[in-house]
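Below are the chains, spelled out letter by letter.
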Amino acid sequence: MKSKKFVSLLLTGAMTTALLAVPAQAAEAPAVRVGSYKGSTLEVGERSGLMIGPSGAEYTVTSSDPDIVAVEQVMTFWVAVAKAEGSAEITASNSAGEVGTLTLVVGSETPAVVPTDKEIAVLDSNMELRQEMIRLINQTRRENGVAELPVNDALMDAAQTIADKRYSWHHTQEECDAAAKFGYLGGFGTNLTVFTSVATEDTAQHAVDNWISSPGHFQTMIDPKGDCLGVGVAEIGTVTYCYMFIGIPNSVNPYYG
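In this text the structure is predicted, and so the values were computed from the model without any measurement.

Draft legend 1. Expanded view of the pairing of strand β9 (residues 86–93). The pairing of strand β6 (residues 60–63) with β9 spans 4 bridges and is antiparallel. Following the sheet pairing, T62 is matched in β9 by T91. Taken together, the 8 bridges between β9 and strand β10 (residues 99–107) define a ladder with antiparallel strand orientation. Bridge pairing in β10 links A88 to L104.

Draft legend 2. Looking closely at the pairing of strand β8 (residues 77–82). By the criterion of burial, β8 is predominantly enclosed, with 5 of the 6 residues buried. Pairing between strand β5 (residues 47–53) and β8: 4 bridges, direction antiparallel. The residue bridging G49 from the neighbouring strand is V79, located in β8.

Draft legend 3. The packing of aromatic side chains, seen in detail. Counting across every chain of the model gives 2 aromatic pairs. The interplanar angle of 40° and the centroid separation of 6.1 Å between the aromatic rings of Y243 and F245 together place this pair among those described as tilted. Through successive ring pairs, a cluster of aromatic residues spans F188, Y243 and F245.

Draft legend 4. Structural context of the pattern of salt bridges. A full pass over the atoms with the stated rule returns 5 salt bridges. A salt bridge links R33 to E148; its shortest N-O distance comes to 3.4 Å. With a gap of 115 residues between them, R33 in strand β3 (residues 33–36) and E148 in the loop between α2 (127–143) and α3 (153–163) connect regions that are remote in the sequence. Salt-bridge contacts for K225 lead to D223; the nearest nitrogen and oxygen are separated by 3.1 Å. Given a relative accessible area of 40%, K225 falls into the partly exposed group. Taking relative accessible area as the criterion, D223 reaches 14% and is therefore assigned buried. Counted as one network, the salt bridges with shared partners bring together R33, R142 and E148.

Criteria and cut-off values
- Residues numbered from 1 in each chain as written.
- Predicted model: local features only at pLDDT ≥ 70, side-chain atom pairs only at ≥ 80, totals over all residues.
- Heavy atoms only, no water.
- Pairing = 2+ DSSP bridges.
- Helix = DSSP H or I, 4+ residues; strand = E, 2+ residues; numbered from the N terminus.
- Buried < 20%, exposed > 50% of the residue type's maximum accessible area, 1.4 Å probe, protein only.
- Phe/Tyr/Trp six-rings, centres within 6.5 Å; stacked < 30°, edge-to-face > 60°.
- Salt bridge = Lys/Arg side-chain N within 4 Å of Asp/Glu carboxyl O.

Fair warning: the whole summary comes from geometry, so function is off the table for now.
Have a look at this one:
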């Protein structure tokens, strides 16, 4: 296998791993970004959270064909519900009249990745907390002059899988294996933090604050080369494990590149 350069930073309290990327010019981002946590292909009866950005704004979300894909608002989040086979365009608009769209296809084909029963039980865990982490990460990026990132469902699943392993340091090959297993074959940067929490604590804020206060983690979080994002959170008793994956286009996964 060809040798690939790999950078690993070990810092107090947490760690970060970033794969070296080939410089590339980023494409102009749409005014409103719309993504689906479970990807753009759903099965009949499946529900998928919608990730809409920039964060911090209120959106109106509609479906071009509610009989195929309906949309529901659950608290502050939007969810797509697959009703019948076919395709529908989901449109999100803000008060300024800016819009973003996403096409969802509903079929009966078996997904390329079939999680085990144990994985199914954990991949959707702590979703409200993870969405708050995504909001805070994107807020930090915006405050530091770089673009917010859309959520990538493969990196979300990979990050949650690794978080549930309760690691207190990076396991590079397992991180690369998890990203590839769920369909993300490119390079990425990762942050990890582990801390003891209390019931009244803002866990998402604690995790992001840890990364902000550590120079290496902070640089990974605001990397302008990033084009997508995934996070995972596992709470075991009073101990919390948080992972962040940022996809880096035109870079390589050293185990699958």
